[in-house]
Amino acid sequence: MRWRAGRFEFHFPRPTLVMGVLNVTPDSFSDGGQHISPSVALAHAEVMVAAGADLIDVGGESTRPGAATVSVEEEIRRVVPVIAALAQRCPVPLSIDTQKPEVARAALLAGASIVNDIAANRTDAAMWECVREFRAGYVAMHMQGTPQTMQAQPTYTDVVGEVDGFFTDRLARLRAAGVAPEQVVLDPGIGFGKTVAHNVRLLAALRQFCRHGRPLLLGVSRKSFLGVLTGVGRPEERLPGALACAALAVRDGVGILRVHDVRETVQAARVAEAISA
Ligand code: YH5
């Protein structure tokens, strides 16, 4: 199976790709502080690449439950200088974590290769036109609702079936919009409009989602369901639970892990791959 993302191409099966999270938000849960300094962001990206990151995901809008929205202009102001600088110096593909087609376009022009679309449940095609034009990679993530409302009362009759149906539907819509399946990665969107029980059911069903014939991406790093399952309040202290998820996900065929803790996740993935082989 091939994944095309701009000038990059990955062939699966292959060692799990680790995507390092680069938050360029002043309110980021993992960085804190009030100002974004491109040089600090670049240094963080370089540390992640040295630790084994295969991809860097740059995000300028917090999508934590209930987080405030930011304007197109502000989001572009945050991410574009960082992407432009990284594109010069960084050997790995860059993805832009955004819900906004205008931000995606600016990021692709600045050198990003992948659009990580947490709002792939969209109905208008502007985002997909942009992905088509740039022949970018595209992460289609499932979310129920919006980040502002999604955790109010997540409701499903069959969460696994609904996410699976969403994947089928998106692949068809994307193809109709001129985005080839070879550009697309599927993501169940852990924590995006899901209770702890929904997240656990999705994590137990990863093998089923492989049947779409596209790489799966999984983001569990530091998320609150890990805190609920373990009793660990501080996000930075949830790594052991995340590594347990990562190992099981690798065994279940997940191709890409989106994480804050790159070095540790790469190690877990290498061990899980050796056992799964
Ligand atoms: C994802 O799963 N997640 S941003 C709340 C937390 C911790 C972490 C402390 N972007 C994903 O990482 N993109 C995010 O509580 C994503 N898949 C894809 N494709 C949320 C996040 C987080 C939120």
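Residues numbered from 1 in each chain as written. Predicted model: local features only at pLDDT ≥ 70, side-chain atom pairs only at ≥ 80, totals over all residues. Heavy atoms only, no water.

Concerning the nonpolar core
Now for step 1: Of all hydrophobic cores here, the largest spans 69 residues; its most connected members are Ile56 and Leu86.
Now for step 2: With 7 residues, helix H5 (residues 159–176) is the largest single contributor of residues to this core.
Now for step 3: Once you skip the residues sitting within four places of it in the chain, leucine 86 turns out to touch Leu22, Leu42, Ala45, Ile56, Val58 and Leu94.
Now for step 4: Counting 13 residues, the second-largest nonpolar core is a separate cluster that includes Trp3, Leu17, Met19 and Ile256. (Core = buried A, V, L, I, M, F, W, Y, C linked by side-chain atoms within 4.5 Å. Buried < 20%, exposed > 50% of the residue type's maximum accessible area, 1.4 Å probe, protein only. Helix = DSSP H or I, 4+ residues; strand = E, 2+ residues; numbered from the N terminus. Contact = heavy atoms within 4.5 Å.)

As for the pattern of salt bridges
Now for step 1: Tallied over the entire structure, the rule returns 20 salt bridges.
Now for step 2: When salt bridges that share partners are traced, they join Arg2, Arg4, Glu9 and Glu182 into one network. (Salt bridge = Lys/Arg side-chain N within 4 Å of Asp/Glu carboxyl O.)

Remarks on the site of the ligand
Now for step 1: Within the structure, the ligand sits among 18 residues, and Asp97, Asn116, Asp187, Lys223 and Arg258 are positioned closest to it.
Now for step 2: A distance of 2.6 Å separates a nitrogen atom of the ligand from a polar atom in the side chain of aspartate 187.
Now for step 3: At a separation of 3.1 Å, an oxygen atom of the ligand approaches a polar side-chain atom of arginine 258.
Now for step 4: Every element with two or more residues in the shell around the ligand is listed here: strand S7 (137–141) and strand S9 (217–219).
Now for step 5: Across the shell around the ligand, the residue classes tally to 7 nonpolar, 4 polar and 7 charged. (Near = heavy atom within 4 Å. Polar contact = N/O pair within 3.5 Å; in protein donor to acceptor, adjacent residues only side chain to side chain. Nonpolar A, V, L, I, M, F, W, Y, C, P; charged D, E, K, R; others polar.)

Brief notes about the pairing of strand S2 (residues 8–11)
Now for step 1: Residues Phe8 and Phe10 line the buried face of S2, whereas the alternating positions Glu9 and His11 sit on a face that is not buried.
Now for step 2: Connecting strand S1 (residues 2–5) to the antiparallel partner S2 that follows it, the hairpin turn spans 2 residues, and glycine 6 within it adopts a positive phi of roughly 60°. (Pairing = 2+ DSSP bridges.)

With respect to helix H3 (residues 101–110)
Count 3.6 residues to each turn of an α-helix, and residues three or four apart come out pointing the same way.
Now for step 1: Burial analysis of H3 places 7 of its 10 residues in the buried class, which makes it a mostly covered element.
Now for step 2: Where H3 is concerned, the buried positions are Pro101, Val103, Ala104, Ala106, Ala107, Leu108 and Ala110.
Now for step 3: Just past H3, the residue glycine 111 takes up positive phi, approximately 125°.

A closer look at the pairing of strand S6 (residues 114–117)
Now for step 1: A two-sided burial pattern is seen for S6, the buried positions comprising Ile114 and Asn116 on one face and Val115 and Asp117 on the other.
Now for step 2: As paired strands, strand S5 (residues 94–97) and S6 are joined by 3 bridges and run parallel to one another. Following the sheet pairing, isoleucine 96 is matched in S6 by valine 115.
Now for step 3: Sheet topology note: the S6/S7 ladder contains 4 bridges and is parallel.

Observations regarding the packing of helix H9 (residues 239–251) against helix H10 (residues 262–276)
Now for step 1: Packing of H9 against H10 brings their axes to within 9 Å, and their N-to-C directions diverge by 35°. In terms of crossing hand, the pair formed by H9 and H10 is right-handed. On H10, the residues touching Leu239, Leu243, Ala246, Ala247, Val250 and Arg251 of H9 are Glu264, Thr265, Ala268, Ala269, Ala272, Glu273, Ile275 and Ser276.
Now for step 2: Grouping the constituent residues of the contact of H9 with H10 by class yields 9 nonpolar, 2 polar and 3 charged. (Axes fitted to C-alpha atoms, helices over the stretch in contact; angles between N-to-C directions. Left-handed = near helix turned anticlockwise from the far one by under 90°.)

Structural notes on the packing of aromatic side chains
What characterises a pair of aromatic rings is the spacing of the ring centres plus the angle enclosed by the ring planes.
Now for step 1: Within the structure shown, the criterion is met by 3 aromatic pairs.
Now for step 2: Between phenylalanine 166 and phenylalanine 167 the ring centres are 6.0 Å apart and the planes differ by 55°, which places this aromatic pair in the tilted class. The same class applies to phenylalanine 166 as to phenylalanine 167, namely buried.
Now for step 3: An aromatic cluster of at least three residues, connected via ring pairs, comprises Phe166, Phe167 and Phe209. (Phe/Tyr/Trp six-rings, centres within 6.5 Å; stacked < 30°, edge-to-face > 60°.)

A few points about the confidence of the model for the protein chain
Now for step 1: Summarising the model, the protein chain shows a mean pLDDT of 94, and 97% of its residues fall at 70 or more.
Now for step 2: Least confident of the elements in the protein chain is helix H1 (residues 38–50), whose mean pLDDT is 93; most confident is S9, at 99. (pLDDT = per-residue confidence, 0-100.)

Regarding the sheet that holds S5
Now for step 1: With respect to topology, 8 strands assemble into an open sheet ordered S8-S7-S6-S5-S4-S3-S10-S9, the strand pairing being parallel. Both edges of this open sheet fall to strand S8 (184–187) and S9, since each of them pairs with a single strand only. Neighbouring strand axes in the sheet, compared pairwise and without regard to direction, differ in orientation by 25° on average.
Now for step 2: Here 3 bridges tie S9 to strand S10 (residues 256–259), and the two strands are oriented parallel to one another. Across the sheet, the residue bridging to glycine 219 is arginine 258, located in S10.

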